[in-house]
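# Observations on chain architecture
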Amino acid sequence: MFAKRGIPLVDLRHDLMTLKQESPEPPLYYRTDTHWNYKGAFRGYQSIISWLNQNGMTLPMADESDLQRHTNSEF
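So, here's what we can say about the structure. Please read all numbers here as calculations on a predicted model, not as lab measurements. (Residues numbered from 1 in each chain as written. Predicted model: local features only at pLDDT ≥ 70, side-chain atom pairs only at ≥ 80, totals over all residues. Heavy atoms only, no water.)

### Some thoughts on helix 2 (residues 38-54)
What counts here: By definition, any uninterrupted DSSP run of H or I lasting at least four residues is a helix, any uninterrupted run of E lasting at least two residues is a strand, and each is numbered from the N terminus. Residue count minus one, scaled by 1.5 Å, sets the expected span of a helix. Note on exposure labels: buried denotes an accessible area under 20% of the residue type's maximum, exposed denotes more than 50%, and partly exposed covers the range between, all computed with a 1.4 Å probe on protein chains only. For this analysis, residues touch if any pair of their heavy atoms sits within 4.5 Å.
With 17 residues, helix 2 extends 24 Å between its outermost C-alpha atoms, agreeing within 8% with the 24 Å of an ideal straight helix rising 1.5 Å per residue. Of all the residues in helix 2, the buried ones are Lys-39, Gly-40, Phe-42, Arg-43, Gly-44, Ser-47 and Ile-49. Against helix 1 (13-22) lie the buried residues of helix 2. Positive backbone phi, approximately 100°, marks Gly-56, located one or two places after helix 2.

Following this line, the structure appears as structure tokens:
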């Protein structure tokens, strides 16, 4: 549908399924929550930046060690 209209689409499914198989714990999201945890969100970020770089942009990719994780209790 999107391709027929010339709208680019970033499909994250392959990268997320690969990560799920390589590293099943912790899960990418929890059964009672529809949001990705840090692991799923970071892989999604990596996939999007890679796709953009392959399609004409030049964006730096942050390393996981560059990030700071916070828990909900810190907000």
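Here the narrative resumes, following the displayed structure.
### Points about the packing of aromatic side chains
Spelled out, the test is: When two rings of Phe, Tyr or Trp (its six-membered ring) have centres within 6.5 Å they constitute a pair, described as stacked for plane angles under 30 degrees, edge-to-face for angles over 60, and tilted for the intermediate range.
A complete count under the given rule lists one aromatic pair for this structure. Arranged with centres 5.6 Å apart and planes meeting at 35°, the rings of Phe-42 and Tyr-45 form a pair that is tilted. One end of the pair, Phe-42, and the other, Tyr-45, are both in helix 2, three residues apart, so they sit about a helical turn from each other. For Tyr-45, a relative accessible area of 28% corresponds to the partly exposed category.

Purely geometric numbers; function is a separate question.
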